[in-house]
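# Coordinates in review
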Amino acid sequence: MNKQHNEQIPAGKNALSRKDPGEAPHRAWRILIVDSDPRVHDDTLEALRGTLIANRPLTVLHAYSTAQAYDILDQEKEIAAVLLSTTIEAGDASLHLIKAIREELGLQDLRIILHAKHACNIPQIDAINRYDISACKTAAELTPIELHAALSAAIHAYRHIHAINLGRDGLNMIVQASADFMTVHGLSRCAAGVTTQLAALMGISPEGLVCAQEDIAEHGNLIVIAAAGRYANQISQPLTTIDHAGIRDLLQRSLRERRNLYAEHGTTLFFQGNGYRDVAAYLESGAHLDHFARNLLHTFCTNIAAGFQNAALFSKLQTIAYNDPLSRLPNRFHFVNQINLKLRSPERNKYSLALLDIDHFAETNDALGHNLGDRLLQAIAQRLKSSLYDDVIIARTAGDTFGLLGPSVHLTPSNLTGQFQEPFAIDDEEVLVSVTIGLLNLSDTGNNGSDALKEANIALKRAKQHRRGEVSYYTREMGVEIQERVKLLQALRHAFDNDKLFLVYQPQINLSTGNVVGVEALIRWRTDDGKMVPPGRFIPLAEHSGLIVSIGEWVLRVACLQQARLARQGFGHIRIAINVSVSQFRHPRFPFVLRRALENSGADPRCIELEITESMAMEDADTILHTFAKIKKTGITLAIDDFGTGFSSLSYLQRLAVDRLKIDRSFINELTTSERGAQIPEVVIQLGQRLGLQIVAEGVEEASQAERLRELGCHEAQGYYFGRPMEVPVLMEWLNTHQVQPV
């Protein structure tokens, strides 16, 4: 995670505040480069320098991994195009990112340009069509001219698609407003609803009034039938009592000329009566409305005025807004509305909400092809509709997730999983699928449908954590746990940004001489109230969120500075061991970050040791070996932490060229309690001796353990017996008195 923030462009919560990109001639197009090679970023920037597309410059954002790209796209909502490498990570990582962009983040406007080292890296045509990929180019094809052409085509496509989708969003709001007015009777109540809905549509406070002809035959005699804000006390008063002449003139002109009027101080909209009195509404919009906004308001006025007589049109618009076109099921928006209705029911405790996620759907999709994948979803929808009870509402809430809402007696785990016992016939293929299920009883949630759906999704994720095909019921404890994790992560970000994290150092002792040969740098977090947060709580959160990369870079920098200080104070022979996370180690810039930390601090590379866990060392062998080779050239030593807890290949261990193995503390605990307890440490020590590696034992808390390790030939140890982790002032005092001590 980078502390440097990109330009934040707020996304409006209403249809009219979302700007059409075509309406901002001087605003830059935002593009994202996703590639693990920093050189690609630099070369692309150079090729695009000074580029204008549709008379607008470019703003470039950078991501060096799919996880980092996902985070940027989740936060930055107005990116027009993504330049994505097909080989950024192993396997189909680039396609998984594209799938997440389209289905999880819902970024349908954004254009995607793939570039590959070779033609064989370009995905198949069905994947290109499925995920709406704009262009696929090889490195040889993507010359500066081709890059300009591809970006220009992509951005023009984004501009048109974005405008279409803005219109669709506006129509959805109009449909919702029309639905609200269906239950309103009486001109005054309808007018009050118009004021509220217009304010919401325009993203402003409801400040305005609605007037109508008091008598159809007398156009000049106007009465205020609804008002809001500072005009609220004008209801049922003649328009002539309004002391603002400009407002009176606008309303009279709107009714006389039968059209909408737009002035600097406000907007006046005309509603044709269709057999009733004509109506005009004035709102203090306080901002200039562009052509798109005016068209949307015109549609709003027409729909409200005529919608009550045109049930067929309303029904069609409602279908577009509330239904999924592929499965012909209600969509997520409609489903949330149905949950809200059930939550208001006196019998809500008898109802449950279920989310069914198709296991390994991506793999099934790849095997069958995306067209057959779509037909599989349609077959699942049809079976659920035909097999479940009529009082169960079925919806498609995400790409391969179905939502069900109905009586708890019908939504039992056995009944739901039973729907997938038989294979689905897709053309000439029989496809057998399983589902993972999250269940929520409506008695265990609040009064908001969106929140209920989130809680069911929490249960679904918990089921996925165990294994596919599982069923998990939501409990309030799950919600509390999620909230606590979110709060803790927010607090961790704040602590990191405000320098609340610090390092402590635990001594490492040579068992033969008693000399202090090293210290391990350990991160700690003390909250503002003085309480310590255990690393076991916040380190996993940092790793999951991606914050660990920035934290790890900070730890590396601080530890290197401390080594240089130790050297200046006469302890230059003491090495500092630094833990490195898997995310940090795999980051393409890690060797550069490491080299910069050494150069800026003046630390001796020979006195810096990096520790990675055994399980991490065994993953992604080629990447690990390549990075290890770069690090070894600097003179830094490498250690395998928690050795013995994983499953190492001895030949691979030898190829890694590490310097030290650290025996996990869990084996030291049993070292002196039984003969069997000493076997693993003994084997590890013998293995290290055969491979010419130094062995360090962690968690030594008793003299008997230290003595036994020395007898077995262990070289070094650390633990509470020798010294606890200490902050720098305490460490310096300790070193001055414990530099040479017998065991």
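For the structure, check the block above.
A few points on the structure.

To continue, consider the pattern of salt bridges. Applying the stated criterion across every chain, the model contains 27 salt bridges. Among the salt bridges present, the one from Glu76 reaches Arg30, with a minimum N-O distance of 2.3 Å. Of the two residues, Glu76 sits in the loop between α2 (66-75) and β3 (81-85) while Arg30 sits in strand β1 (residues 29-34), which places them 46 residues apart along the sequence. Of the two residues, Glu76 and Arg30, neither departs from the other in class, the shared state being buried. Between Glu711 and Arg708 there is a salt bridge, with its nearest N and O atoms 3.4 Å apart.

Hydrogen bonds along the backbone pair up the strands of a sheet, which may run parallel or antiparallel. In spatial order, the strands read β12-β13-β11-β16-β17; together these 5 strands make up an open sheet with mixed pairing. The sheet is open, and its two borders are formed by β12 (393-398) and β17 (471-473), each paired with just one other strand. For this sheet, the mean angle separating the axes of adjacent strands, direction not counted, is 20 degrees.

Here we take up the nonpolar core. Core analysis: the largest hydrophobic core is formed by 78 residues, its most contacted members being Leu501, Ile551, Ile576, Ile608, Leu610, Leu709 and Leu735. Here this core gets 10 residues from one element, more than from any other, and that element is helix α17 (residues 547-568). In contact with Leu709, not counting residues within four places along its chain, are Leu511, Ile668, Leu671, Ile685, Ala697, Val700 and Cys714. The next biggest cluster of nonpolar side chains, apart from the first, holds 27 residues, and it includes Leu372, Ile394, Phe402 and Leu411.

The axes of two packed helices give the description: the angle between them and the distance between them. Relative orientation of the contacting elements helix α15 (residues 476-497) and helix α16 (residues 535-545) amounts to 85 degrees, with a least axis distance of 10 Å. The orientation of α15 relative to α16 falls into the category roughly perpendicular. Here Arg485, Leu488, Leu489, Leu492 and Arg493 of α15 lie close against α16, whose contacting residues are Arg537, Phe538, Leu541, Ala542, His544 and Ser545. When the residues that make up the contact of α15 with α16 are grouped by side-chain class, the tally is 6 nonpolar, 2 polar and 3 charged.

A few words now on the sheet that holds strand β5 (residues 135-138). Taken in spatial order, the 5 strands line up as β2-β1-β3-β4-β5 in an open sheet, and their pairing is parallel. Each edge of the sheet is formed by a strand with only one pairing partner; in this case those strands are β2 (58-63) and β5. Averaged over all neighbouring strand pairs, the angle between strand axes comes to 20 degrees, with direction disregarded. The sheet contact formed by β3 and strand β4 (residues 111-116) spans 5 bridges and is parallel. Note on β4: the bridge partner recorded for Leu84 is Leu114. Each of β1, β2, β3 and β4 touches helix α1 (residues 38-48); the most contacted strand, β2, lies at about 175 degrees to it.

About the thresholds
- Position numbers for residues start from 1 in each chain and track the written sequence from start to end.
- In keeping with the model being predicted, local features are shown solely for residues with a pLDDT of at least 70 and side-chain atom pairs are shown and tallied solely at 80 or more, while totals for entire chains, interfaces and linings include all residues.
- Excluded from the side-chain calculation are hydrogens and water; included are all heavy atoms of the structure.
- A pair is scored as a salt bridge if a Lys or Arg side-chain nitrogen falls within 4 Å of a carboxyl oxygen belonging to Asp or Glu.
- Each helix corresponds to a stretch of at least 4 residues labelled H or I by DSSP, and each strand to a stretch of at least 2 residues labelled E; elements are numbered beginning at the N terminus.
- Three exposure classes are used, based on accessible area relative to the maximum for each residue type with a 1.4 Å probe and protein chains only: buried under 20%, partly exposed in between, and exposed over 50%.
- One requirement defines pairing of two strands: DSSP has to find at least two bridges between them.
- Axis definition: a line fitted to C-alpha atoms, limited for helices to the stretch in contact. Angles are taken between N-to-C directions and run from 0 to 180 degrees.
- Joining through side-chain atoms within 4.5 Å is the link that ties buried Ala, Val, Leu, Ile, Met, Phe, Trp, Tyr and Cys residues into a set, and such a set is a nonpolar core.
- Whether two residues are in contact is decided by their heavy atoms: any pair within 4.5 Å suffices.
- Should an angle fall under 35 degrees it is taken as roughly parallel, and over 145 as roughly antiparallel, whereas 65 to 115 is taken as roughly perpendicular and any remaining angle as oblique.
- Charged residues are taken to be Asp, Glu, Lys and Arg, nonpolar residues to be Ala, Val, Leu, Ile, Met, Phe, Trp, Tyr, Cys and Pro, and polar residues to be all remaining types, Gly included.

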